[in-house]
Amino acid sequence: YEGSPVATGVYFYYGVEDFENSGTISASASIGDVSGDYAEAWIYSDDYYSPAVAGVFFYDDVGSFENSGTISASASIGDVSGDYAEAWIYGYDESSPAVTGAYFYDDVGTFENSGTISASAQIGNASGYDSQVGVYGVSGVYFDYYVGTFTNSVSYTHLTLPTN
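Bear in mind the structure is a predicted one, so any value in this text is a computation, not a measurement. All chains use their own residue numbering, which begins from 1 and follows the written sequence. Owing to the predicted nature of the model, reporting of local features is limited to residues with pLDDT of at least 70; listing and counting of side-chain atom pairs is limited to 80 or more, with chain, interface and lining totals taken over all residues. Neither water nor hydrogens contribute to the side-chain values; these are computed over all heavy atoms in the structure.

All right, on to the nonpolar core then. As used here, the term nonpolar core means buried Ala, Val, Leu, Ile, Met, Phe, Trp, Tyr and Cys residues forming a set that is joined through side-chain atoms within 4.5 Å. Partly exposed residues are those whose accessible area sits between 20% and 50% of the maximum for their type, while under 20% is buried and over 50% is exposed, using a 1.4 Å probe and protein chains only. In this structure, Ile 43, Val 53, Ile 77, Ile 89 and Val 99 are the most contacted members of the largest nonpolar core, which totals 22 residues. Put simply, the parts of the chain that give this core at least two residues each are β3 (24-31), β5 (40-44), β8 (70-77), β10 (86-90) and β13 (116-123). By definition in these notes, contact holds between two residues if any of their heavy atoms fall within 4.5 Å. Ignoring anything within four residues of it in the chain, the contact list for Ile 77 reads Ile 31, Gly 32, Val 34, Ala 41, Trp 42, Ile 43, Ala 87, Trp 88, Ile 89, Gln 122, Ile 123 and Gly 124. Listed in part, the 14 residues of the second largest apolar core include Ile 25, Val 56, Val 108 and Ile 117. Only DSSP runs of H or I with at least four residues qualify as helices, and only runs of E with at least two residues qualify as strands; both kinds are numbered from the N terminus onward.

What follows is the structure, encoded as structure tokens:
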């Protein structure tokens, strides 16, 4: 379907009554090094309703969500070199995430997490005249609508970026 994420661990288009995870679910998108004048590399969402990468993606209602396992999503692009070369990881716009561990577009009755839900994005070094890199919109968990009950007993990892 148009607007689907580039990579998902688990994807639900229709409603889910009960979702339970005690294992490992992961999704990743990766591009190697980018080189050459005017070279470009993008990992992005072309639709407001979905991120580019999601560990779990729910487009419709979720009755209950329970996670005691690991859910993760990651995106990476290598080094960028060349004049005017660029690399970007981004969502459809500023309000939608590019990478998210768990994405809920519609209502969620009960959300319970005692496991790990994480999201990360990384781009290597940029070199060359006016070369650019950027990461926009990374979230551990993203809710677009109503959540009835939210319980979390652990921390979320939101964003990992290089320090150079």
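Take the sheet that holds strand β12 (residues 108-113) next. Taken together, four strands build an open sheet; the order of strands is β2-β7-β12-β17 and the sheet is parallel. The open sheet has two edge strands, β2 (16-21) and β17 (147-152), and neither has a second partner. When the angles between neighbouring strand axes are averaged without regard to direction, this sheet yields 0°. Note that β12 and β17 share five bridges and pair parallel. When DSSP finds at least two bridges between two strands, those strands are taken to pair. Fitted lines through C-alpha atoms serve as axes, helices being fitted only where they are in contact, and the angles separating the N-to-C directions of these axes extend from 0 to 180 degrees.

Turning next to the environment of Asn 152. Relative to the assigned elements, Asn 152 resides in strand β17. The class for Asn 152 is partly exposed, based on a relative accessible area of 28%. Sequence separation between Asn 152 and Gly 101 is 51 residues; the distance between their C-alpha atoms is 14 Å. A distance of 3.0 Å separates the side chain of Asn 152 from the side chain of Asn 113, its partner in a polar contact. Polar contact criterion, stated in full: a pair of N or O atoms within 3.5 Å, where within protein one must be able to donate a hydrogen and the other to accept it, and residues adjacent in sequence count only if both atoms are side-chain atoms.

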